[in-house]
Amino acid sequence: MHSILLHNYITATILLKLSDISDVIHYYYLFATFQEIDFSWKPKHMRTKEELTPFNVNLTIYRDVEKLRAFQIGQRGALALASEFVRGSCSNVVELNLGRCQIHSRGMGKILHGLRIGRVMNLQKLNLRGNSICVSGLHFIKNAMENGSLGNLKHLDLRENELGDEGAHLVAHMMIAGVFETMVSLHLQRNLITNVGIEKIVHVYRAILDVKCPLMSKLSLEENFATIDLKKRLKPTPKGVSI
């Protein structure tokens, strides 16, 4: 099984560089061959007709890669990655880790669009931890799950974002709609959710658990703004729920 690890402390076999406007270089580490190659990002005005991608390498050759991890690629890198998915790169990816990549809701929306257009249908694990994602970003996820591009998703990590109570209400509606039928774990820690949002999620989850979320074994709501009184009132919590 091939994997692409986009991180800055793993020994790399292939090095892909993407520079942002401030000329900070972000390193993509691709485990695919044993030869080290430097793939530099090229501005649009410097590309030839043959170089239609943001990288001077054809990433479509990595169709069989199953794990992809990014490190601080930002919104610009998110757009570039989305373009690669559209071109057919990494079409068999199973695990996509975008934790703390600073992609925000807009960048995440671009990536999800790229996954849909590129027909990347095997994704089972998506890590979006710490990306300043708000409720608009959650709508992107909802739409992707409804249109089937995230139809096989089993693990979704949304920790350390900005969903708030509005996002919590949307999560509850997604449960009712049945979009979490394949979900095994959902992480919502540190999302600025108060008693109102947490109570909504727990009550809905308790009511539809066996029908709409039959595979769910972990629903994490810790480190939000639940009071001690609410935690007592919700006991016993449904199986797998932590507040």
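One can find the structure itself at the top, above this paragraph.
One structure accompanies this document, and this report is about it. Note that the coordinates shown come from a computational prediction; the quantities given were computed from them, not determined experimentally.

With respect to the overall build of the chain
Working step 1: The helix and strand tally for the chain stands at six helices and 11 strands.
Working step 2: Counting over 243 residues, the chain shows a buried share of 48%.
Working step 3: In the chain, of all internal contacts separated by at least 6 residues, the share reaching a separation of at least 24 is 77%.
Working step 4: When the accessible surface of the chain is split by element, carbon and sulfur atoms take 53% of a total near 12,000 Å².

A short note on the pattern of salt bridges
Working step 1: Applying the stated criterion across every chain yields a total of eight salt bridges.
Working step 2: Arginine 100 is paired through a salt bridge with glutamate 160; the nearest N and O atoms lie 3.0 Å apart. Highlighted residues: arginine 100 in the loop between β6 (95-97) and α2 (104-117) and glutamate 160 in the loop between β8 (155-157) and α4 (164-177), separated in sequence by 60 residues.
Working step 3: Exposure remark for arginine 100: the relative accessible area of 45% places this residue in the partly exposed category.
Working step 4: With a closest N to O distance of 2.7 Å, glutamate 160 and arginine 129 form a salt bridge. Of this pair, glutamate 160 sits in the loop between β8 and α4 while arginine 129 sits in the loop between β7 (125-127) and α3 (135-146); the two residues are 31 residues apart in sequence, bridging distant segments of the chain.

So, the packing of α3 against α4
Working step 1: The interhelical angle for the contact between α3 and α4, taken along N-to-C directions, is 15°, at an axis separation of 9 Å. If you check the angle between α3 and α4, you find them roughly parallel. Note that α3 runs across α4; the crossing there is right-handed. In contact with Val135, Leu138, His139, Ile141, Lys142 and Met145 of α3, α4 contributes Glu166, Gly167, Leu170, Val171 and Met174.
Working step 2: Split into classes, the residues belonging to the contact of α3 with α4 amount to seven nonpolar, two polar and two charged.

Things to note about the side chain of serine 220
Working step 1: When you line up the elements, serine 220 lands in strand β10 (residues 218-220).
Working step 2: Accessibility expressed as a relative area gives 0% for serine 220, which makes it buried.
Working step 3: A distance of 3.4 Å separates a polar atom in the side chain of serine 220 from a polar atom in the side chain of histidine 187.
Working step 4: In this view, serine 220 contacts Leu186, His187, Leu188, Gln189 and Ser242; residues no more than four positions away in its chain are not counted.

Overview of the packing of α2 against α3
When two helices pack together, their arrangement is given by the angle between their axes and by how far apart the axes lie.
Working step 1: Packing of α2 against α3 brings their axes to within 8 Å, and their N-to-C directions diverge by 15°. One finds that α2 runs roughly parallel with respect to α3. You can see that α2 and α3 cross each other, and the crossing is left-handed. Seen from α2, the contacting residues are Ser105, Met108, Gly109 and Leu112; seen from α3, they are Ser136, Gly137, Phe140, Ile141 and Ala144.

Let's talk about the nonpolar core
Working step 1: Judged by nonpolar contacts, the single largest core of 60 residues is most densely connected at Phe85, Leu98, Leu128, Ile141, Met175 and Phe180.
Working step 2: When contributions to this core are tallied by element, the ones reaching two or more residues are β5 (65-69), α1 (74-86), α2, α3, α4 and α5 (195-212).
Working step 3: Per-element tally for this core: the top contributor is α5, with seven residues.
Working step 4: Apart from the residues lying within four places of it in its own chain, the contact partners of phenylalanine 180 are Met145, Val171, Met174, Met175, Leu186, Lys212, Cys213 and Met216.

Structural notes on α3
Working step 1: Spanning 12 residues, α3 covers 16 Å between terminal C-alpha atoms, matching the ideal 16 Å at 1.5 Å per step.
Working step 2: Along α3, the residues classified as buried are Val135, Gly137, Leu138, Ile141, Lys142, Ala144 and Met145. Projected down its long axis, α3 shows its buried positions confined to an angular sector of 165°, all on one face.
Working step 3: Those residues of α3 that are buried lie in contact with α2, β8 and α4.
Working step 4: The first or second residue beyond α3 is glycine 148, which carries a positive phi of 95°.

Observations concerning unusual backbone geometry
Working step 1: That bond from lysine 235 to proline 236 is cis: its omega, -5°, falls within 30 degrees of zero.
Working step 2: With respect to the helices, strands and loops of the structure, proline 236 is situated in the loop between α6 (228-233) and β11 (241-242).
Working step 3: Its identity is not glycine, yet glutamate 160 carries a phi of approximately 60°, on the positive side.
Working step 4: Look at leucine 192: it is not a glycine, yet its phi comes out positive at around 60°.
Working step 5: Within the fold, leucine 192 resides in the loop between β9 (185-187) and α5.
Working step 6: The exposure class assigned to leucine 192 is partly exposed, which follows from its relative accessible area of 46%.

Conventions adopted
Residues numbered from 1 in each chain as written. Predicted model: local features only at pLDDT ≥ 70, side-chain atom pairs only at ≥ 80, totals over all residues. Heavy atoms only, no water. Helix = DSSP H or I, 4+ residues; strand = E, 2+ residues; numbered from the N terminus. Buried < 20%, exposed > 50% of the residue type's maximum accessible area, 1.4 Å probe, protein only. Contact = heavy atoms within 4.5 Å. Areas by Shrake-Rupley, 256 points an atom, 1.4 Å probe, with all protein chains shown as cover. Salt bridge = Lys/Arg side-chain N within 4 Å of Asp/Glu carboxyl O. Axes fitted to C-alpha atoms, helices over the stretch in contact; angles between N-to-C directions. Parallel < 35°, antiparallel > 145°, perpendicular 65-115°, else oblique. Left-handed = near helix turned anticlockwise from the far one by under 90°. Nonpolar A, V, L, I, M, F, W, Y, C, P; charged D, E, K, R; others polar. Polar contact = N/O pair within 3.5 Å; in protein donor to acceptor, adjacent residues only side chain to side chain. Core = buried A, V, L, I, M, F, W, Y, C linked by side-chain atoms within 4.5 Å. Expected span 1.5 Å × (residues − 1). Arc of directions from axis to C-beta.

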